Amino acid sequence: MASQQTAEPRTGSALRRAVDGSAGEWFGLAARIGLAVVWAWAGLAKVGDPAEAAQAVRAYEILPESLVKPIGYGLPFLELALALLLLIGLGTRIVAVVSALLLLTFIGGISSAWARGISIDCGCFGGGGAVDSSQTEYLQEILRDSGFLLLAAWLVYRPRTKLSADAWLSA
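Just so it is clear, the model here is predicted, and its values are computed rather than measured. (Residues numbered from 1 in each chain as written. Predicted model: local features only at pLDDT ≥ 70, side-chain atom pairs only at ≥ 80, totals over all residues. Heavy atoms only, no water.)

## Let's talk about the packing of helix H2 (residues 22-47) against helix H5 (residues 92-115)
As a packed pair, H2 and H5 sit with axes 12 Å apart at the nearest point and diverge in direction by 50°. Our classification of the angle between H2 and H5 gives oblique. Here the hand of the crossing between H2 and H5 comes out left-handed. Contact residues: H2 offers Arg32, Leu35 and Trp39, while H5 offers Thr92, Ser99, Leu102, Leu103 and Phe106. Looking at the contact of H2 with H5 residue by residue, the class counts come to 5 nonpolar, 2 polar and 1 charged. (Axes fitted to C-alpha atoms, helices over the stretch in contact; angles between N-to-C directions. Helix = DSSP H or I, 4+ residues; strand = E, 2+ residues; numbered from the N terminus. Parallel < 35°, antiparallel > 145°, perpendicular 65-115°, else oblique. Left-handed = near helix turned anticlockwise from the far one by under 90°. Contact = heavy atoms within 4.5 Å. Nonpolar A, V, L, I, M, F, W, Y, C, P; charged D, E, K, R; others polar.)

Right under this line is the structure:
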């Protein structure tokens, strides 16, 4: 006698179908666009005043002076390039990996400044530099960047999204 099996889908397999299916591609689009907006906002806020961007890098007191200007001047252009690539969905997994590494660097820098008692504005969206200790927002900045890191991690795991150049090129 054959054993009857129920037709109930297992919760894990239902979740897996949602992640791998169309819903996952739409969520990926939202993650891609969200991260693109963040990088565009950050890059545009700094690109107009490279000296201020370099001062924000200097305020962390981590890098040697010889690297402060190249990083401060170049970072806004990197952020804008990441935004553009995410917006069109080209090289999504690679861009997400670069985004994740950059976000981990930012989280590490903010954590380092906090641990060393340096009172700075992160300079993530323009500005930056020394501030009064009552004006620091390290925990909020770390949590915010951690949220962005989760978006990047999703795109590393699931880079194929709706309305992307990657999907069009692989079709």
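## Examining the packing of aromatic side chains
Overall, the coordinates contain 5 aromatic pairs when judged by the stated rule. A ring pair is formed by Trp39 and Phe106, whose centres lie 6.3 Å apart and whose planes are at 65°; its orientation type is edge-to-face. In this pair, Trp39 is assigned in helix H2 and Phe106 in helix H5, connecting sequence segments 67 residues apart. Take Trp39 and Phe106: they sit in the same class, and that class is buried. One aromatic cluster is present, built from ring pairs that chain together Phe27, Trp154 and Tyr157. (Phe/Tyr/Trp six-rings, centres within 6.5 Å; stacked < 30°, edge-to-face > 60°. Buried < 20%, exposed > 50% of the residue type's maximum accessible area, 1.4 Å probe, protein only.)

## Describing the side chain of Asp145
Locating Asp145 in the fold gives a position in helix H6 (residues 138-157). Using a relative accessible area of 3% as the deciding quantity, one classes Asp145 as buried. At a separation of 3.1 Å, a polar atom in the side chain of Asp145 contacts the side chain of Arg144. Non-local contacts of Asp145, meaning those with residues more than four positions away in its chain, are made with Leu103, Phe106, Ile107 and Ile110. (Polar contact = N/O pair within 3.5 Å; in protein donor to acceptor, adjacent residues only side chain to side chain.)

## A look at the environment of Leu35
As for its placement among the helices and strands, Leu35 is situated in helix H2. Under the relative-accessibility criterion, Leu35 is labelled buried at 0%. Along the primary structure Leu35 and Leu86 are separated by 51 residues, whereas in three dimensions their C-alpha atoms are 7.4 Å apart.

## A word on a nonpolar patch on the surface
A contiguous nonpolar surface patch, about 850 Å² in accessible area, is contributed by Ile33, Val37, Leu84, Leu85, Leu87, Ile88, Leu90, Trp168 and Leu169. Among the elements of the structure, H2, helix H4 (65-88) and helix H7 (165-170) are those that each provide at least two residues to the nonpolar patch. For the nonpolar patch, the element with the highest residue contribution is H4, accounting for 4 residues. Within the element layout of this structure, Ile88 appears in helix H4. The class of Ile88 is partly exposed, set by a relative accessible area of 39%. (Patch = residues over 30% accessible without salt bridge, like charges linked within 9 Å, V, L, I, M, F, W, Y side chains within 5 Å. Areas by Shrake-Rupley, 256 points an atom, 1.4 Å probe, with all protein chains shown as cover. Salt bridge = Lys/Arg side-chain N within 4 Å of Asp/Glu carboxyl O.)

## Details of the pattern of salt bridges
All told, the structure shown has 4 salt bridges when counted by the stated rule. Ionic pairing is found between Lys162 and Glu25, a salt bridge with its closest N-O pair at 3.7 Å. Here the residue Lys162 occupies a position in the loop between H6 and H7, and Glu25 occupies one in helix H2, the gap between them amounting to 137 residues. Look at Glu25 and you get buried, because its relative accessible area is 18%. The partner of Lys46 in a salt bridge is Glu79, and the shortest N-O contact between them spans 2.9 Å. Here Lys46 is found in helix H2, whereas its partner Glu79 is found in helix H4, with 33 residues between them in sequence. Of the two residues examined, Lys46 and Glu79, each falls in the buried class.

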